[in-house]
Amino acid sequence: MIQNLGTKLQVQIEQAGEDKQKKVNFSNVIDNPPEADVVKLGEIMAELSQQGSSLDSVILTVQSRITKEVE
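Reading guide: rules and limits
Residues numbered from 1 in each chain as written. Predicted model: local features only at pLDDT ≥ 70, side-chain atom pairs only at ≥ 80, totals over all residues. Heavy atoms only, no water. Pairing = 2+ DSSP bridges. Helix = DSSP H or I, 4+ residues; strand = E, 2+ residues; numbered from the N terminus. Axes fitted to C-alpha atoms, helices over the stretch in contact; angles between N-to-C directions. Contact = heavy atoms within 4.5 Å.

## What about the sheet that holds strand β2 (residues 22-29)?
Sheet architecture is open: three strands sit in the order β2-β1-β3, paired in antiparallel fashion. Single-partner strands in this sheet number two, and they are β2 and β3 (54-66). Averaged over all pairs of adjacent strands, the angle between strand axes in this sheet comes to 20 degrees, irrespective of strand direction. Of the pairings in the sheet, the one linking strand β1 (residues 2-14) to β2 comprises six bridges and is antiparallel in character. Counted as the bridge partner of I13 is K22 from β2. Set on the sheet, helix α1 (residues 35-48) makes contact with β1, β2 and β3; between it and β3 the angle comes to about 130 degrees.

Structure below.
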């Protein structure tokens, strides 16, 4: 049996003058979010970050649990 545990997003933002990316996590995201909406969220988060920041990518993670059915 497959049980959906949830969908998560991680927005990865490049910051000017920084070696490490800024990562912003969102949990409990709707199932199968539209790609355009995910990219727009990433762009908004980059705009809200420090000046000179830009969107690198967004990681979409879907977690499921698979268990053996009891007969």
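Still more to cover.
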